[in-house]
Amino acid sequence: MSNIKRIIIAGGGRIGLRTAKELADRGYEIVLIEKEEARSEEVADEYVAMVLQGDATAPSILEQADLERADAIAALTDEPGSNLAICMTAKQIAPNIRTLARTGTGTEDEYDEIADATILPQKLSAGTAADILSGDEVRTIIGTHHDLEILEIKVAEDAPVASSALEEISLPKGSLIISDQNRTRIARADTTLEPGEYYIVGVEPDVLDEVLKLFRG
């Protein structure tokens, strides 16, 4: 059986397509569902995902996407009600699937029983959606469309840098630890990278993989 994660995206608009591209670049298998026929054809021409044309709120469409084989589904349409309905239906078909819903304005945690994660339009970016769906212990703050990436990275228990002070670590040129774990001050030479804690890190794209290995093992 393949170990490649399979993620379904409902909504082929700007954010849906950009999220599909972001995840495809990370090596994920993507299925994208788009209701409008013309738009589904445009998305298919991008060759980043298998595209299904149909309404993702319909169980039959989700079943066509082979939902039970997917790791996560993101409902990223322009209609918050539809997004929540998609997540509810997905959980009924595949109870273990991770769900992300784009919601409207309001309190995000009021949808905890409907979706595993929600995100408001003003906070929604392709990088953020991809981070949530992948389940990785890394969150993009400023992404690869810039010359510098700013990431929030969790130190794994068995990471090479775990329990080490910055003065003891040889970081690659082009990377910088910005904050301590509490974000109360700029990281200093005596800042210790504690396992299980998150740190803000600035990384140039060509050393990203090296930095991630140091933090995640």
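In short, a report on the structure. Keep in mind it's a predicted model, so treat the numbers as computed, not measured.

Before going further, it helps to examine the overall build of the chain. Across its full length, the chain carries six helices and 12 strands. Taking all 217 residues of the chain together, the buried fraction comes to 47%. A separation threshold of at least 6 residues defines the contact pool for the chain, and within that pool the share at least 24 residues apart is 55%. Surface exposure of the chain reaches about 11400 Å², of which carbon and sulfur atoms provide 46%.

A full pass over the atoms with the stated rule returns nine salt bridges. Here Glu46 makes a salt bridge to Lys21, at a shortest N to O gap of 3.3 Å. Note that Glu46 is positioned in the loop between helix 2 (37-44) and strand 3 (50-53) and Lys21 in helix 1 (residues 14-25), a separation of 25 residues in sequence. Glu22 is the salt-bridge partner of Arg26, the closest N and O atoms lying 3.1 Å from each other. By relative accessible area, which is 31% here, Arg26 ends up partly exposed. Where salt bridges share partners, they join Arg6, Glu29, Asp66 and Arg69 into one cluster.

In terms of burial, strand 5 (residues 98-102) is a largely internal element, four of the five residues being buried. Bridge count between strand 4 (residues 72-75) and strand 5: four bridges; the pairing is parallel. Residue pairing for strand 5: Ala72 is matched across the bridge by Arg98. After leaving strand 4, the chain enters helix 4 (residues 80-93) and then returns to the sheet as strand 5, a path that is right-handed. Where strand 5 meets strand 6 (residues 117-119), three bridges bridge the pair, whose relative direction is parallel. In the sheet register, Leu100 faces strand 6, and the bridge partner there is Ala117.

Moving on, we come to the sheet that holds strand 4. Taken in spatial order, the six strands line up as 3-2-1-4-5-6 in an open sheet, and their pairing is parallel. Across the chains shown, the open sheet's two edge strands, defined by having one partner strand only, are strand 3 and strand 6. Across this sheet, the average inter-strand angle for adjacent strands is 15°, counted without regard to direction. Relative to strand 3, helix 2 is tilted by about 175°, and along the sheet it contacts strand 2 (29-34) and strand 3. Strands in contact with helix 4 are strand 1 (6-10), strand 4 and strand 5; relative to strand 5, the strand with the most contacts, it is inclined by about 170°.

Reading the values: rules and limits
Every chain's residues receive numbers from 1 upward, in the order its sequence appears when written. Selection of residues for local features in this predicted model requires a pLDDT of at least 70, selection of side-chain atom pairs for listing and counting requires 80 or more, and totals for whole chains, interfaces and linings are taken over all residues. Just so you know, side-chain values use all the structure's heavy atoms and leave hydrogens and water out. Comment: elements are numbered from the N terminus, with helices defined as DSSP H or I runs of at least four residues and strands as E runs of at least two. To sort residues, take the accessible area from a 1.4 Å probe on protein chains only and compare it with the maximum for the residue type: under 20% means buried, over 50% means exposed, and anything in between is partly exposed. We call two residues in contact whenever any of their non-hydrogen atoms come within 4.5 Å of each other. What sets the accessible areas is the Shrake-Rupley method with a 1.4 Å probe; for residues, cover comes only from the shown protein chains. Criterion for a salt bridge: a side-chain nitrogen of Lys or Arg within 4 Å of a carboxyl oxygen of Asp or Glu. Here, any two strands with at least 2 DSSP bridges between them count as paired. Consider the strands pointing away from the viewer: the crossover is right-handed when the path from the first strand over the helix to the second runs clockwise. Axis angles are defined between N-to-C directions and span 0 to 180 degrees, where every axis is a line fitted to C-alpha atoms and, for a helix, only to the segment in contact.

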